[in-house]
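Next come the chains, spelled out residue by residue.
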Amino acid sequence: MLMISCPWCGCREETEFQHGGEAHIKRPEKPETLSDASWAEYLFMETNNKGIYLERWAHRYGCRRWFNVARNTITNEILAIYKIGENPPSKVR
Amino acid sequence: MKKYSIFSLVRNALSFHQDWGKAWRSPSPKSSYDVIIIGGGGHGLATAYYLAKEHGITNVAVIEKGWIGGGNTGRNTTIIRSNYLWDESAAIYDKSLQLYEGLSTDLNYNIMLSQRGVMNLAHNLHDLREINRRINANILNGIDSEFLNPTKIKQMLPIINMSPTARFPILGASFQPRGGVARHDAVAWGFARAADNLGVDIIQQCEVTGINQKAGSVASINTTKGIITAKKIAIVVAGHSSQIAEMAGIRLPINSYPLQAMVSEPIKPIINTVVMSNAVHVYVSQSDKGELVLGAGIDSYNSYTQRGSINVVEQQLSALCELFPLFSRLRILRQWAGVVDICPDASPIISKTDINGLYINCGWGTGGFKATPGSGWCLAHTIARDEPHKINAPFNLNRFQTGALIDEHGAAAVAH
């Protein structure tokens, strides 16, 4: 089980959290101008990489706030936790 | 290939089973093939077998990084069924079930298919409605499916907790009599032996490190055993589909998650069917060795760890004890996980790609084992004819652009 440090509440068990998928995906500003392929790219295509993965988590059964996590998908080691709106720390970029 | 039979068994018994030949060769890769299949799991081996058997294409190599059947083929809970809601899914899973029904004879290899039935429990009014809708859809698609009332369920499973005061009371179930289990390793080995016999080269311990193209068509692959050229290449690698597809510059709508399974200590025969529950979320059957084989949903976050979280184990064991209180005294013998590739619509992809001669078969998620022969059969057709069979045409990669998704999330009798 992962132990995740919520930026507001501190270290808690994984079961308090909800995984929110890949982080830093920007919604296209003018969806109506996009081709179907570009829209599908935004909506469905995944990085799904092996290694350092930037993802969102929500502290669902705690403060209910969202934050970003950098995790190694090969080992599950959490390398960095940073707030929504922040850029990933340089060590995980 | 020496045919397996009662006579060969007796003959070999006389020499204390020391003289059985190898079931398949282990050749070095040739420099060129008509078709290369990346991935020696059940689906890849089935594809090779049906390419050779149905389409006469025998200059084929199956390239496997580890050993055949060592990935999800050897890690699943071996359940086979075809009682899916949507027409597209029903067609492909029932094609697969039909192939399974003749597979032991076809391959001359006992895959130990046991059609003991698959039961999907309903715990509330919504479940009952969903189950009845699915049963009716199944019947319209020619798939055997029936409703069981609580009395009938109790007759079939005397040990199940039917108390009306249970937290999740059992109100009914759908039942597919043709469903059941098969020996997963035997499926991989049987396909491997039969494909090898038809001339397919099975190359293990050979990792693919790159896919090379020439003028919009596939040309060759780089491997740890050298460069191999091919007219056509198929990617059939389940959990690592995104990585291999990336070698050809293709992004996929896939996330990879650990899916856990476990077995209990062996006990005398106690469950003679497969029981699945969506609401409390566990599925259980009993292996021939007597172990209870347990599975449930995926872990909540994507990962390549083949390990999984303990809270998922806890959840499925509590679900098991809710349904069968007497199992609370059993001990768990082994637990493991495989990395499954999940599509946004929980349906697979068996498709051509934008690159000529490159095909992909992925996205089977939590339900790939039951589809092994059907998936291979469809992909073989797609490779040989360079166009999909009508069964796998809806499962194309393009559906994520057109929006024609096949949404099996929750529709497929068990949550993913």
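Observations regarding the overall build of chain B
Reasoning step 1: A count of helical and extended segments in chain B gives 11 helices and 18 strands.
Reasoning step 2: For 416 residues, the compact-globule formula gives about 22 Å, and the C-alpha radius of gyration of chain B, at 21 Å, lands near that figure.
Reasoning step 3: Seen along its three principal axes, the alpha-carbon backbone of chain B occupies a region of about 65 × 60 × 40 Å.
Reasoning step 4: Here chain B holds 416 residues, and 57% of them are scored as buried.
Reasoning step 5: In chain B, of all internal contacts separated by at least 6 residues, the share reaching a separation of at least 24 is 76%.
Reasoning step 6: Seen as two clouds, the 37 positive and the 31 negative side-chain charges of chain B have centres 5 Å apart.

A word on the interface of chain B and chain A
Interface size is commonly expressed as the accessible surface area that is lost when the partners come together.
Reasoning step 1: Of the residues lining the interface, 23 residues belong to chain B; the matching set on chain A comes to 24 residues.
Reasoning step 2: Between chain B and chain A, roughly 2,200 Å² of surface is buried when both sides are summed, and carbon and sulfur atoms account for 47% of that area.
Reasoning step 3: Remark: the boundary between chain B and chain A carries one salt bridge.
Reasoning step 4: One salt bridge connects A:E41 with B:R251, and the closest N-O pair in it is separated by 2.7 Å.

With respect to the sheet that holds strand β4 (residues 118-122) of chain B
Strand pairing within a sheet occurs via backbone hydrogen bonds; the two strands may be parallel or antiparallel.
Residues and elements named next belong to chain B.
Reasoning step 1: Spatially, β5-β6-β4-β13-β14-β15-β12-β16 is the arrangement adopted by the eight strands of the open sheet, whose pairing is mixed. For this open sheet the edge positions go to β5 (146-148) and β16 (332-342), each flanked by a neighbour on one side alone. In this sheet, adjacent strand axes meet at a mean angle of 25° when their direction is disregarded.
Reasoning step 2: Relative to β16, strand β12 (residues 255-264) runs antiparallel, the two sharing 10 bridges. Paired with Q260 across the bridge in β16 is A337.

Considering the nonpolar core
Reasoning step 1: Counting residues in hydrophobic clusters, the biggest one holds 50 residues, and the most contacted among them are B:I37, B:Y50 and B:F191.
Reasoning step 2: Elements represented by at least two residues in this core include exactly β1 (32-38), α2 (42-55), β2 (60-63), α3 (87-101), α4 (103-107), α7 (184-197) and α10 (372-385) of chain B.
Reasoning step 3: Not counting the four nearest positions on each side in its chain, B:F191 is found in contact with B:G42, B:L45, B:A46, B:Y49, B:Y50, B:L103, B:L107, B:T372 and B:P373.
Reasoning step 4: Among the nonpolar cores identified, the runner-up in size contains 32 residues, and A:F44, B:I235, B:A248 and B:L358 belong to it.

Let's talk about the sheet that holds strand β6 (residues 78-83) of chain A
Residues and elements named next belong to chain A.
Reasoning step 1: Taken together, the four strands give an open sheet; going across it, the order is β3-β4-β5-β6, and neighbouring strands pair in antiparallel fashion. At either margin of the open sheet sits one strand with a lone partner, and together these are β3 (18-22) and β6. In this sheet, adjacent strand axes meet at a mean angle of 30° when their direction is disregarded.
Reasoning step 2: Here β3 pairs with strand β4 (residues 52-58) via three bridges, running antiparallel. Residue pairing for β4: H19 is matched across the bridge by W57.

Structural notes on unusual backbone geometry
Reasoning step 1: Phi at A:N48 takes a positive value of approximately 50°, unusual for a residue other than glycine.
Reasoning step 2: Tracing the chain through its elements places A:N48 in the loop between α1 (36-43) and β4.
Reasoning step 3: Positioned with a positive phi, B:F16 is a non-glycine residue whose angle comes to about 55°.
Reasoning step 4: Residue position: B:F16 is located in the loop between α1 (6-14) and β1.

Cut-offs and rules
- Residues numbered from 1 in each chain as written.
- Chains lettered and ligands numbered in written order.
- Predicted model: local features only at pLDDT ≥ 70, side-chain atom pairs only at ≥ 80, totals over all residues.
- Heavy atoms only, no water.
- Helix = DSSP H or I, 4+ residues; strand = E, 2+ residues; numbered from the N terminus.
- Rg over C-alpha atoms; globule rule 2.2 N^0.38 Å.
- Buried < 20%, exposed > 50% of the residue type's maximum accessible area, 1.4 Å probe, protein only.
- Contact = heavy atoms within 4.5 Å.
- Lys, Arg positive; Asp, Glu negative; His and termini not counted.
- Charge placed at Lys NZ, Arg CZ, Asp CG, Glu CD.
- Buried area = accessible area lost by both parts, 1.4 Å probe.
- Salt bridge = Lys/Arg side-chain N within 4 Å of Asp/Glu carboxyl O.
- Pairing = 2+ DSSP bridges.
- Axes fitted to C-alpha atoms, helices over the stretch in contact; angles between N-to-C directions.
- Core = buried A, V, L, I, M, F, W, Y, C linked by side-chain atoms within 4.5 Å.

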